[in-house]
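An overview of the molecular structure
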Amino acid sequence: AAVDRAARTSSRMPRLTAITASAEATTARAGCSARAVARACATNRVALLVPCHRVVRGQGTTGGYRWGVERKRAVLEGERRAAPPRGRGRR
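Model, not experiment: these values are computed from the prediction.

1. Brief notes about the layout of surface pockets
Volume-wise, the largest pocket comes out at about 230 Å³. Lining of the largest pocket is provided by 16 residues; of these, Ala38, Cys41, Val55, Gly64 and Lys72 occupy positions nearest its centre. Residue assignment for the lining of the largest pocket shows that the elements contributing at least two residues are helix H3 (34-42) and strand S2 (55-56). Here the element with the most residues in the lining of the largest pocket is H3; it accounts for five residues. Classifying every residue of the lining of the largest pocket gives ten nonpolar, three polar and three charged.

Take a look at the structure:
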């Protein structure tokens with residue numbers, strides 16, 4: 001269903017990438033809506049495999065998260081800190 005497509009699209013997002021629910025719905029295609037993306041994130045029980053913390057609101061703000069906005073911010077910050085400095089990534 002659309003929720004499954006949205007979850008698969010989320011799981012392929014690279015680290016340090018944020019995407020709006022609407023843009024993710026467009027990427028997932030085939031009848032998927034921003035609402036389906038939001039539902040996939042809201043029902044996501046495997047946060048490390050389906051990184052819904054990377055889905056943000058259309059205005060770029062953090063938005064909601066199943067385990068709370070503070071945890072979402074902490075996970076995003078942890079990813080940012082763990083990333084290699086710009087220009088020094090793997091080749």
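Text resumes after the structure shown.
2. Describing the packing of aromatic side chains
We describe a pair of aromatic rings using the distance from one ring centre to the other and the angle between the two ring planes. Taken as a whole and judged by the stated rule, the model has one aromatic pair. Pairing Tyr65 with Trp67 gives two aromatic rings, centres 5.4 Å apart and planes at 65°, and the pair type is edge-to-face. Its relative accessible area of 34% is what places Trp67 among the partly exposed residues.

3. Considering the pattern of salt bridges
Across all of its chains, the model carries four salt bridges by this definition. Among the ionic pairs, Glu77 bridges to Arg80, the shortest N-O distance being 2.4 Å. Of the two residues, Glu77 and Arg80 both sit in helix H4 (residues 69-82), three residues apart, roughly one turn of that helix. Classification of Glu77 by relative accessible area gives partly exposed; the value is 26%.

4. Side note on the side chain of Arg54
Summarising the element assignment, Arg54 is placed in the loop between H3 and S2. Accessibility expressed as a relative area gives 6% for Arg54, which makes it buried. A polar contact of 2.6 Å, which involves the side chain of Arg54, links it to the side chain of Glu79. The contacts of Arg54, once residues within four sequence positions are left out, are Met13, Pro14, Arg15, Leu16, Thr17, Ala18, Ile19, Leu76 and Glu79.

5. Regarding the nonpolar core
Core analysis: the largest hydrophobic core is formed by eleven residues, namely Met13, Ile19, Ala21, Ala25, Cys32, Ala36, Val37, Cys41, Val50, Cys52 and Val55. Every element with two or more residues in this core is listed here: helix H2 (21-28) and H3. Here the element with the most residues in this core is H3; it accounts for three residues.

Rules and cut-offs
Each chain carries its own residue numbering, running from 1 in the direction its sequence is written. Note on the predicted model: pLDDT of at least 70 is required for a residue's local features to be given, and 80 or more for side-chain atom pairs to be given and counted; whole-chain, interface and lining totals, by contrast, use all residues. To get the side-chain values, take all heavy atoms of the structure and skip hydrogens and water. Any residue with an atom within 4 Å of a point lines the site, the site being either a cavity, points on a 1 Å grid over the protein atoms alone where a 1.4 Å probe fits but cannot get out, or a pocket, an open set with protein on both sides within 12 Å along at least 5 of 7 lines. Grid points are joined across faces, edges and corners, and a volume is the space filled by probe spheres set on the points. Working definition: helices are DSSP H or I runs of at least four residues, strands are E runs of at least two. Numbering for both runs from the N terminus. When residues are grouped by polarity, Ala, Val, Leu, Ile, Met, Phe, Trp, Tyr, Cys and Pro land in nonpolar, Asp, Glu, Lys and Arg in charged, and all others, Gly among them, in polar. Any Phe, Tyr or Trp ring, taking Trp's six-membered ring, that has another such ring centre within 6.5 Å forms a pair; planes under 30 degrees apart are called stacked, those over 60 apart edge-to-face, and the others tilted. Here the term buried applies to any residue with accessible area under 20% of the maximum for its type, exposed to any over 50%, and partly exposed to those in between, with areas from a 1.4 Å probe on protein chains only. Salt bridges, as used here, are contacts in which a Lys or Arg side-chain nitrogen is within 4 Å of a carboxyl oxygen on Asp or Glu. In protein, a polar contact means a hydrogen-donor-capable atom and an acceptor-capable atom, both N or O and within 3.5 Å, with residues adjacent in sequence counting only if both atoms are side-chain atoms; elsewhere, any N or O pair within 3.5 Å suffices. Note on contacts: a residue pair qualifies if any of its non-hydrogen atoms lie within 4.5 Å across the two residues. What is meant by a nonpolar core is a set of buried Ala, Val, Leu, Ile, Met, Phe, Trp, Tyr and Cys residues, joined one to another through side-chain atoms within 4.5 Å.

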